[in-house]
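# Notes for the structure review
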Amino acid sequence: MPERCLIQVDGDSMEAVVGESLAVTLLRAGRFRFRQSCTDQPRAPLCAMGTCYECQVHVNGVWARACLEAVREGMEINTHG
């Protein structure tokens, strides 16, 4: 069994798999709006390899690409969704 941990997403507690891509964790939880464009269009992972920047979220107060961020205990994520 993979190791599990708790993270906070937009103020909600969520169980996640340690080391899994944050983008995968959020999508599996039904979170499909990671951020919004300057014209208020929803944005979510597109390339899943870090080149498009569509999956940007705040992780512990710093912008990060969710597809490149590995889940770890105690993360605080703000999707701005």
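Helix and strand counts for the protein chain come out as one helix and seven strands. Taken from the N to the C terminus, the helices and strands of the protein chain come in the order β-β-α-β-β-β-β-β. In summary, the protein chain has a C-alpha radius of gyration of 12 Å against a globular reference of 12 Å for 81 residues, a match within 12%. By principal-axis analysis of the C-alpha atoms, the protein chain measures approximately 40 × 25 × 20 Å. Counting over 81 residues, the protein chain shows a buried share of 36%.

Attention now moves to the sheet that holds strand 2 (residues 12–17). Strand pairing in a sheet relies on backbone hydrogen bonds, with the paired strands running either antiparallel or parallel. The strand order across the open sheet built from five strands is 2-1-7-5-6, with neighbouring strands paired in mixed fashion. Of all the strands in the sheet, just strand 2 and strand 6 (62–65) have a single pairing partner and so form its edges. Pairwise comparison of adjacent strand axes, ignoring direction, gives a mean angle of 40 degrees for this sheet. Summarising the sheet, strand 5 (residues 56–59) and strand 6 pair through four bridges and their orientation is antiparallel. Considered in strand 6, the bridge of Val57 is made with Ala64.

For the structure shown, the criterion picks out seven salt bridges. Across the pair Asp10 and Arg31 runs a salt bridge, and its minimum N-O distance is 3.3 Å. Of this pair, Asp10 sits in the loop between strand 1 (4–9) and strand 2 while Arg31 sits in the loop between helix 1 (22–28) and strand 3 (35–36), and the two are 21 residues apart along the sequence. Its relative accessible area of 33% is what places Asp10 among the partly exposed residues. Residues joined in a network through salt bridges with shared partners are Asp10, Asp12 and Arg31.

Side chains of nonpolar character tend, in soluble globular proteins, to be buried together. Within the largest apolar cluster, 18 residues are counted, with the highest numbers of intra-cluster contacts made by Ile7, Leu22 and Ile77. When residues no more than four places from it in sequence are discounted, the contact partners of Ile7 are Asp12, Ser13, Met14, Ala16, Leu22, Thr25, Val71, Arg72, Met75 and Ile77.

In this structure the tally under the stated criterion is one cavity of 30 Å³ or more. When its volume is computed, the largest cavity comes out at roughly 30 Å³. Lining the largest cavity are Pro45, Leu46, Cys47, Ala48, Gly50, Cys52, Tyr53, Cys55, Arg65 and Cys67. Of the residues belonging to the lining of the largest cavity, the class tally is eight nonpolar, one polar and one charged.

Assignment of secondary structure puts His58 in strand 5. Only 2.6 Å separates the side chain of His58 from the side chain of His80, close enough to count as a polar contact. When residues no more than four places from it in sequence are discounted, the contact partners of His58 are Trp63, Glu76, Ile77, Asn78 and His80.

Reading guide: rules and limits
- Residues numbered from 1 in each chain as written.
- Predicted model: local features only at pLDDT ≥ 70, side-chain atom pairs only at ≥ 80, totals over all residues.
- Heavy atoms only, no water.
- Helix = DSSP H or I, 4+ residues; strand = E, 2+ residues; numbered from the N terminus.
- Rg over C-alpha atoms; globule rule 2.2 N^0.38 Å.
- Buried < 20%, exposed > 50% of the residue type's maximum accessible area, 1.4 Å probe, protein only.
- Pairing = 2+ DSSP bridges.
- Axes fitted to C-alpha atoms, helices over the stretch in contact; angles between N-to-C directions.
- Salt bridge = Lys/Arg side-chain N within 4 Å of Asp/Glu carboxyl O.
- Core = buried A, V, L, I, M, F, W, Y, C linked by side-chain atoms within 4.5 Å.
- Contact = heavy atoms within 4.5 Å.
- 1 Å grid on protein atoms, 1.4 Å probe; cavity = no way out; pocket = protein on both sides within 12 Å on 5 of 7 lines; lining within 4 Å.
- Points joined across faces, edges and corners; volume = space filled by probe spheres on them.
- Nonpolar A, V, L, I, M, F, W, Y, C, P; charged D, E, K, R; others polar.
- Polar contact = N/O pair within 3.5 Å; in protein donor to acceptor, adjacent residues only side chain to side chain.

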